Amino acid sequence: MSAAPPPFPTPQEPVARPELLQLDTALEGDEPCLRADAARNRARLLEAAGRLVAERGAEAVTMEAVAAEACVGKGTVFRRFGDRTGLLTALLDHSEKKFQAAFLTGPPPLGPGAPPVERLRAFGCAMLRRSADDLELQLAAEPGASRRFVAPARRVLRHHIEMLLRQAVPEADCDLLSHALMGQLDPALIHHLTRQCGIPLARLEAAWIDLVDRVTGAGTTCP
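Calculation rules
- Residues numbered from 1 in each chain as written.
- Predicted model: local features only at pLDDT ≥ 70, side-chain atom pairs only at ≥ 80, totals over all residues.
- Heavy atoms only, no water.
- Phe/Tyr/Trp six-rings, centres within 6.5 Å; stacked < 30°, edge-to-face > 60°.
- Helix = DSSP H or I, 4+ residues; strand = E, 2+ residues; numbered from the N terminus.
- Buried < 20%, exposed > 50% of the residue type's maximum accessible area, 1.4 Å probe, protein only.
- Salt bridge = Lys/Arg side-chain N within 4 Å of Asp/Glu carboxyl O.
- Contact = heavy atoms within 4.5 Å.
- Core = buried A, V, L, I, M, F, W, Y, C linked by side-chain atoms within 4.5 Å.
- Polar contact = N/O pair within 3.5 Å; in protein donor to acceptor, adjacent residues only side chain to side chain.

Asker: I'm lost on the packing of aromatic side chains in this one. Help?
Answerer: Any pair of aromatic rings gets described here by the distance separating the centres and the angle formed by the planes. Under the counting rule described, the total for this entry stands at three aromatic pairs. Considering the side-chain rings of Phe99 and Phe103, the 5.3 Å spacing of their centres and the 75° angle between planes classify their relative orientation as edge-to-face. With Phe99 and Phe103 both in helix H5 (residues 84-105) and four residues apart, the pair spans about one turn of that helix. Residue classification places Phe103 among the buried residues on the basis of a relative accessible area of 1%. The rings of Phe99, Phe103 and Phe123 are connected pair by pair, giving a single aromatic cluster.

Asker: How should I be thinking about the pattern of salt bridges in this particular structure?
Answerer: Should the charged atoms of two oppositely charged side chains come close, the side chains can pair. In the structure shown here, the tally under the stated rule is 13 salt bridges. Notably, a salt bridge pairs Glu64 with Lys74, separated by 3.6 Å at the nearest N-O pair. Of the two residues, Glu64 sits in helix H3 (residues 63-70) while Lys74 sits in helix H4 (residues 74-81), which places them 10 residues apart along the sequence. According to the relative accessible area criterion, Glu64 is partly exposed, its value standing at 43%. Taking the shortest distance from any N to any O, the salt bridge between Glu162 and Arg166 comes out at 2.5 Å. Residue Glu162 and its partner Arg166 are located together in helix H9 (residues 152-168), separated by four residues, close to a single helical turn.

Asker: Explain H3 to me, please; I cannot follow it from the model alone.
Answerer: An α-helical turn contains 3.6 residues, so a residue and the one three or four places further along point in the same direction. If you check which residues of H3 are buried, you get Met63, Ala65, Val66, Ala67 and Ala70. Of the surrounding secondary structure, the elements contacted by the buried residues of H3 are helix H2 (36-56), H4 and H5. Looking one or two residues past H3, Cys71 carries a phi angle of roughly 60°, positive in sign.

Asker: What's the story with the nonpolar core in this structure? I'm lost.
Answerer: A general feature of soluble globular proteins is that nonpolar side chains tend to end up buried together. Within the largest apolar cluster, 31 residues are counted, with the highest numbers of intra-cluster contacts made by Phe103, Phe123, Ile161 and Trp208. With eight residues, the single largest contributor to this core is helix H6 (residues 116-133). Residues contacting Phe123, with those up to four places away along its chain left out, are Phe99, Phe103, Leu110, Leu157, His160, Ile161 and Leu185. Core analysis: the next-biggest nonpolar cluster, separate from the first, contains 21 residues, Met63, Ala65, Val66 and Val77 among them.

Asker: Explanation requested: unusual backbone geometry in the structure shown.
Answerer: With the exception of glycine, most residues fall at negative phi, and the peptide bonds are largely trans. Between Pro108 and Pro109 the backbone carries a cis peptide bond, its omega angle lying at 10°. Notably, Cys71 is not glycine yet its phi reads approximately 60°, a positive angle.

Asker: Explain the side chain of Ser178 here, please?
Answerer: With respect to the element layout, Ser178 can be found in helix H10 (residues 174-183). According to the relative accessible area criterion, Ser178 is buried, its value standing at 0%. For Ser178, the side chain forms a polar contact with the main-chain oxygen of Asp175, separated by 2.6 Å. Setting aside residues up to four positions removed in sequence, Ser178 forms contacts with Arg158, Ile161, Glu162 and Leu165.

Below you can see the structure in the form of structure tokens.
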């Protein structure tokens, strides 16, 4: 049986310490250091998948298409990434790590050093902007219903929201409330509102700030 992941720190810990699990291990499937040839093969496959996304969109990224683009056997792609969701998740890995670094160690209000409500406001606005930039790829990489809420990247984001809620409203059911707030940042909802309803991103950011302020009982000053 594999060892359980380390527990998430409590809100009382100093903000300078890491707050959440690092995505390096979570998104990479906890695999050991790759041999040089394996690392080159992985990079080659991701480059091929990236070219397909740029030229034809995320829907064109299949295991077969990536294998053909990279001139390797289909089995090589499956061994490296497991399935299409794993491949697309790997494509999003750089964006995930950059965003995690911003809210873990970056400057306030997104990073440590600002009051929890300000960090919540900034976190949601940053997530909305990031999703708008990577929306097609994020939608394509969405795991199935049985895996959606246990995917490592989503767990990291939700636990961050929960931690800030525990600091801002410790008397609330912050566990369930964090799921409710994450729903406002769901890529499928963002796609519906921005692409199908034509709602500008600025309105979604204002709605997020309003939601945070209502949930926490804070004021309405924007981050």
